[in-house]
Amino acid sequence: MSDEDAVDAVVSAWHRERPDLDLTAIGVAGRMGRLALVLGPAQERVFGKFGLQRGEFDVLAALRRSGRPYTLIPSELSATLMMSRAGMTSRLDRLEKAGFVERALDPNDRRSFRIRLTDKGFDAVDAAMTEHTANVSELLSGLSGKELGLLDDVLRKLLGYLDPQP
């Protein structure tokens, strides 16, 4: 098996045409982009088994991670998932219609709602998370534990530089 991949072919062609450029970062970014294209659909298939899209899974997972009573206000969900409140509203509408969450008036602020994970939503997100974890572990099984740790460290550093949010 050759160690070269499709990104090497692109970088090689550019190097031939523009030998004056250092194309190392282009190769890295190209591989990260290709990985996203491979990993995304493989993860979506798992979420689909549970009647969820990735964004809906993210909402349920945020509620589940929040701990008992698995309740957050929409602005907390929007901030956690880094999305607009309008986008969050449409996700919540779909999840409520499916019976995964319910809205209730916030007893501390009657102008606001609290979003609560239902029993059905709890069961769905736990099952999806179990399968998602196994799926991602299998997808990354081509790397040793040490390599995964190194990759995680490098990606954390890069994200900290590009997106310095806690």
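Residues numbered from 1 in each chain as written. Predicted model: local features only at pLDDT ≥ 70, side-chain atom pairs only at ≥ 80, totals over all residues. Heavy atoms only, no water.

**Remarks on the overall build of the chain**
Logical step 1: Check the secondary structure of the chain and you find 7 helices and 3 strands.
Logical step 2: Counted from the first residue to the last, the chain has its helices and strands arranged as α-α-α-β-α-α-β-β-α-α.
Logical step 3: What you see for the chain is a C-alpha radius of gyration of 20 Å, clearly larger than the 15 Å of a compact globule of 166 residues, by over 25%.
Logical step 4: Looking at the chain as a whole, 25% of its 166 residues qualify as buried.
Logical step 5: Here the chain displays about 11500 Å² of accessible surface, and carbon together with sulfur accounts for 58% of that area.
Logical step 6: One finds the centroid of the 23 positive side-chain charges in the chain at a distance of 6 Å from the centroid of its 25 negative side-chain charges. (Helix = DSSP H or I, 4+ residues; strand = E, 2+ residues; numbered from the N terminus. Rg over C-alpha atoms; globule rule 2.2 N^0.38 Å. Buried < 20%, exposed > 50% of the residue type's maximum accessible area, 1.4 Å probe, protein only. Areas by Shrake-Rupley, 256 points an atom, 1.4 Å probe, with all protein chains shown as cover. Lys, Arg positive; Asp, Glu negative; His and termini not counted. Charge placed at Lys NZ, Arg CZ, Asp CG, Glu CD.)

**Topic: the side chain of Thr 71**
Logical step 1: Relative to the elements of secondary structure, Thr 71 occurs in strand β1 (residues 71-72).
Logical step 2: The exposure class assigned to Thr 71 is buried, which follows from its relative accessible area of 14%.
Logical step 3: Within polar-contact distance, the side chain of Thr 71 engages the backbone oxygen of Pro 69 at 3.1 Å.
Logical step 4: Non-local contacts of Thr 71, meaning those with residues more than four positions away in its chain, are made with Leu 63, Ser 66, Arg 114, Ile 115 and Arg 116. (Polar contact = N/O pair within 3.5 Å; in protein donor to acceptor, adjacent residues only side chain to side chain. Contact = heavy atoms within 4.5 Å.)

**Structural notes on the UniProt feature "domain: HTH marR-type" (unreviewed entry) in the chain**
Logical step 1: When the UniProt feature table is mapped onto this chain, "domain: HTH marR-type" (unreviewed entry) is found at residues 25-160.
Logical step 2: Helix makes up 70% of residues 25-160 and strand 12%, whereas the separation of the span's terminal C-alpha atoms amounts to 17 Å. (UniProt positions renumbered as here; feature names shortened; annotations may be inferred.)

**Some points on the environment of His 132**
Logical step 1: Inspection of the secondary structure assignment puts His 132 in helix α6 (residues 119-139).
Logical step 2: A relative accessible area of 12% places His 132 in the buried class.
Logical step 3: Between the alpha carbons of His 132 and Phe 47 there is a distance of 7.6 Å; along the sequence they are 85 residues apart.

**Section: the nonpolar core**
Nonpolar side chains in soluble globular proteins tend to be buried together.
Logical step 1: Among the nonpolar cores identified, the biggest contains 23 residues, and Val 59, Leu 60, Leu 63 and Leu 77 are the most heavily contacted of them.
Logical step 2: Contributing elements (two or more residues each) for this core: α3 (54-65), α4 (74-81), α5 (85-97), β3 (109-117) and α6.
Logical step 3: The residues contacting Leu 60, other than those within four sequence positions of it, are Leu 52, Leu 95, Phe 100, Val 101, Leu 117, Gly 121 and Val 125. (Core = buried A, V, L, I, M, F, W, Y, C linked by side-chain atoms within 4.5 Å.)

**Things to note about unusual backbone geometry**
Logical step 1: Cis geometry is adopted by the peptide bond preceding Pro 69, which originates at Arg 68 and carries an omega value of 5°.
Logical step 2: Structurally, the position occupied by Pro 69 is in the loop between α3 and β1.
Logical step 3: The backbone phi angle of Tyr 70 is positive, close to 60°, even though this residue is not glycine.
Logical step 4: The backbone of Met 82 sits at a positive phi, close to 50°, despite the residue not being glycine.

**Quick word on the pattern of salt bridges**
Logical step 1: Following the criterion strictly, the structure yields 12 salt bridges and no others.
Logical step 2: Ionic pairing is found between Arg 31 and Asp 8, a salt bridge with its closest N-O pair at 2.8 Å. Taken together, the residues Arg 31 in helix α2 (residues 24-49) and Asp 8 in helix α1 (residues 6-17) connect sequence positions 23 residues apart.
Logical step 3: On the basis of relative accessible area, Asp 8 is assigned to the partly exposed category, the value being 24%.
Logical step 4: Between Arg 94 and Glu 56 there is a salt bridge whose closest N-O contact spans 2.6 Å. On the criterion of sequence distance, the pair formed by Arg 94 in helix α5 and Glu 56 in helix α3 is long-range, its members being 38 residues apart.
Logical step 5: For Arg 94, a relative accessible area of 37% gives the class partly exposed.
Logical step 6: Put simply, Asp 5, Asp 8 and Arg 31 are held in one network by salt bridges that share partners. (Salt bridge = Lys/Arg side-chain N within 4 Å of Asp/Glu carboxyl O.)

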